[in-house]
Amino acid sequence: MFWALLAGVSVWLVVQEEVDELLDETLQASSQVLGQLLRQRLPMPAEIADSDDLSTHFAWQLVGPGGTLLHRSPLAPVKPWRLPPGFSDWEDDGTDGDDWRVHVRPLPTAAGPGWLMVAQTSAERKEVRTRVGLASAFSALLVGGLCMVWLNRRARDELAPLADLTEALAQYDPLDSRQLLPEQQRRELAAIRAAVLDLGQRLAQRVANERAFSAHAAHALRTPLAGMDAQLAMALREALPEQRARLQRTREAGDRLRRVVTALLTLFRTGMSLQWQRLDLIMLLSHLPLPDGLILDTPDQAWLDADTDLLAAALINLLDNACRHRATQLRLRVHSQPGGGTLLTLTDNGEGVAEWQRVDLNDALERQQYEGRMGLGLMMADLVARAHGGGLRLPVVAEGFAVELRLGPAPI
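- Per an unreviewed UniProt entry, the chain goes by the name histidine kinase and belongs to Roseateles aquatilis.
- Under the UniProt heading Catalytic activity (unreviewed entry), the note attached to the chain is "ATP + protein L-histidine = ADP + protein N-phospho-L-histidine."

Have a look at this one:
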């Protein structure tokens, strides 16, 4: 629209100048033709009747020596124009109040030297310029508008394949081998599709290698950890009283490591591919390896929709976090969310964190900038929540530490 308006204004200005030049040339041509006719005509009266004048766009006067008005057209003023030869703008003394554009041509008369003056009112010239300018500007705007609509439609048609590819990319999961991007007819889009597929294959291979390594590492760690726990249990029975506290702390650390390994194994076994089902949260908690010395306060019933293995991995890490921060009691509540979904709130009586740490942790969770800002437990819980269409948040509590685990609604 801006360029169409600019084109219209430009055409208007150009047309104004051209129309002025055309009208001036018309005045000159009219004075030349009228002069030739006047040279051949018989003597005329000083005034010519309106019915004898065939022009309503021009006025003329024939002025003799001393400024005497010899002849004039009905549109011309009674007072003769006294102007030097050439073009000039002139306004009379108020007799008719018109502003004139006059062309003066020398013309000998019977009484001596004279001048033929052909003029046009500024109002008439302005009307002509306005009509021609408006018509030209409107035509330019109309053509510009039609071109804009045509170009807009062409642009949409040209960009439609790119929009389709963008939509396909938004739904493309490189880790799902069954998904393929649609074929592209455009050469440039075909190159983009090939590059994305190649990147997806390399990414899927890398993720598969990492998952395989993590799963093998977790499996390889479980057996020696179980053996270490058995050896530590026997050592506790046979150890001297002053050695038992150190052995007990070692066994607790090994037990915590075992729970972390179990959570990692669960997480990588599912591969973040959700298997939604209706589950009893209380029953799930009863099957989890709970830390020693941590008392759970749970509702009588708590049903929700989630992936059992992933939710178990998140809860194992959150419970282990509470135990490591010296919590002895943990209160768990389940709330239904408006529009679907579930909110799990876990509040413990541990040592908690400072307010600036809580704000920093929330910022890290929101931006998913885990490295160097939080431990494995919160990171894994947030990943699980995001896989369920939700997220993790740390609310303000008077004492202890609280976590809100939000799960989205199950797909229909």
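So, next bit.
### Quick word on the packing of helix 6 (residues 308-324) against helix 8 (residues 376-387)
The relative placement of two packed helices is expressed as an angle between their axes plus a distance between the axes.
Turning to step 1, where the next piece is worked out: Running from N to C, helix 6 and helix 8 cross one another at 155°; their axes reach a closest spacing of 8 Å. Here helix 8 runs roughly antiparallel to helix 6, going by the angle between their axes. The handedness of the crossing between helix 6 and helix 8 comes out as left-handed. Contact with helix 6, carried on its side by Leu310, Leu311, Ala313, Ala314, Asn317, Leu318 and Asn321, involves Leu376, Gly377, Leu378, Met380, Ala381 and Val384 of helix 8 and no other residues of that element.

### Section: the side chain of Arg358
Turning to step 1, where the next piece is worked out: Considering the arrangement of structural elements, one finds Arg358 in helix 7 (residues 355-367).
Turning to step 2, where the next piece is worked out: For Arg358, the residues in contact, after removing those within four places along its chain, are Val353, Leu394, Pro395 and Val396.

### What about the sheet that holds strand 10 (residues 342-348)?
Turning to step 1, where the next piece is worked out: A sheet is described by the order of its strands in space; here 5 strands give the open sequence 7-9-10-12-11, paired in mixed fashion. Taken across any chain shown, the strands that pair with only one partner, and hence form the sheet edges, are strand 7 (295-297) and strand 11 (391-393). Here the average twist between neighbouring strands, direction ignored, is 20°.
Turning to step 2, where the next piece is worked out: Note: strand 10 against strand 12 (residues 401-407), 7 bridges, orientation antiparallel. Bridging across to strand 12, Leu344 finds its partner in Leu405.

### Things to note about a negative patch on the surface
Turning to step 1, where the next piece is worked out: A grouping of Glu17, Glu18, Glu21 and Glu25 is seen on the molecular surface, where their side chains present a negatively charged patch.
Turning to step 2, where the next piece is worked out: Mapped onto the elements, Glu21 comes out in helix 1 (residues 2-40).
Turning to step 3, where the next piece is worked out: Taking the relative accessible area as the measure of exposure, Glu21 reaches 35% and is therefore partly exposed.

### Describing the side chain of Gln184
Turning to step 1, where the next piece is worked out: If you trace the backbone, Gln184 turns up in the loop between helix 2 (122-170) and helix 3 (187-238).
Turning to step 2, where the next piece is worked out: Within polar-contact distance, the side chain of Gln184 engages the backbone oxygen of Pro182 at 3.4 Å.
Turning to step 3, where the next piece is worked out: Among all residues touching Gln184, those that are not within four sequence positions of it are Pro161, Leu165, Leu189, Ala190 and Arg193.

### Regarding the environment of Val353
Turning to step 1, where the next piece is worked out: With respect to the helices and strands, the residue Val353 is situated in the loop between strand 10 and helix 7.
Turning to step 2, where the next piece is worked out: Spatially, the C-alpha atom of Val353 lies 7.8 Å from that of Gly400, the residues being 47 residues apart in sequence.
Turning to step 3, where the next piece is worked out: Among residues more than four places away in sequence, those in contact with Val353 are Arg358 and Phe401.

### Quick word on the pattern of salt bridges
Turning to step 1, where the next piece is worked out: Per the counting criterion, the structure on display carries 15 salt bridges.
Turning to step 2, where the next piece is worked out: The closest approach of N and O atoms between Asp363 and Arg373, which form a salt bridge, is 3.0 Å. Here Asp363 is found in helix 7, whereas its partner Arg373 is found in the loop between helix 7 and helix 8, with 10 residues between them in sequence.
Turning to step 3, where the next piece is worked out: Under the relative-accessibility criterion, Asp363 is labelled partly exposed at 26%.
Turning to step 4, where the next piece is worked out: Under the relative-accessibility criterion, Arg373 is labelled partly exposed at 23%.
Turning to step 5, where the next piece is worked out: With a closest N to O distance of 2.9 Å, Arg386 and Asp382 form a salt bridge. Of the two residues, Arg386 and Asp382 are both situated in helix 8; the distance of 4 residues between them amounts to about one turn of the helix.

Calculation notes
Within each chain, residues carry numbers counting from 1 in the order of the written sequence. A pLDDT threshold of at least 70 governs which residues receive local features in this predicted model, and a stricter bar of 80 or more applies before side-chain atom pairs are shown or counted, although totals over entire chains, interfaces and linings include all residues. Remark: hydrogens and water are excluded; side-chain values derive from all non-hydrogen atoms of the structure. UniProt positions are given in the numbering used here, feature names are shortened, and annotations may be inferred rather than shown by experiment. Every angle, taken between N-to-C directions, lies between 0 and 180 degrees, and every axis is a line fitted to C-alpha atoms, over only the stretch in contact when it is a helix. Under the scheme used here, helices are H or I runs from DSSP no shorter than 4 residues and strands are E runs no shorter than 2 residues, and both carry numbers assigned from the N terminus. Under this scheme an angle from 65 to 115 degrees is roughly perpendicular, one under 35 degrees roughly parallel, and one over 145 degrees roughly antiparallel; angles in between are oblique. Take the far helix as your reference; a near helix turned counterclockwise from it by less than a right angle gives a left-handed crossing, and one turned clockwise gives a right-handed crossing. What makes two residues a contact is simply this: any of their non-hydrogen atoms within 4.5 Å. Pairs of strands are assigned from DSSP output, requiring at least two bridges between the strands. Only residues whose relative accessible area exceeds 30% and that form no salt bridge enter a patch; like-charged residues are grouped when within 9 Å of one another, and nonpolar side chains (Val, Leu, Ile, Met, Phe, Trp, Tyr) when within 5 Å. To be clear on the numbers: accessible area is Shrake-Rupley with a 1.4 Å probe, and residue cover counts the displayed protein chains and nothing else. In what follows, salt bridge is the name for a side-chain nitrogen of Lys or Arg lying within 4 Å of a carboxyl oxygen of Asp or Glu. None of His or the chain ends enter the tally, which takes Lys and Arg as positive and Asp and Glu as negative. A charge is said to be at NZ when it belongs to Lys, at CZ for Arg, at CG for Asp and at CD for Glu. Buried, partly exposed and exposed residues are distinguished by accessible area as a fraction of the type maximum, computed with a 1.4 Å probe on protein chains only: under 20%, between the cut-offs, and over 50%, respectively. Under the rule applied, a polar contact is a pair of N or O atoms within 3.5 Å (in protein, one hydrogen donor and one hydrogen acceptor; residues adjacent in sequence only if both atoms are side-chain atoms).

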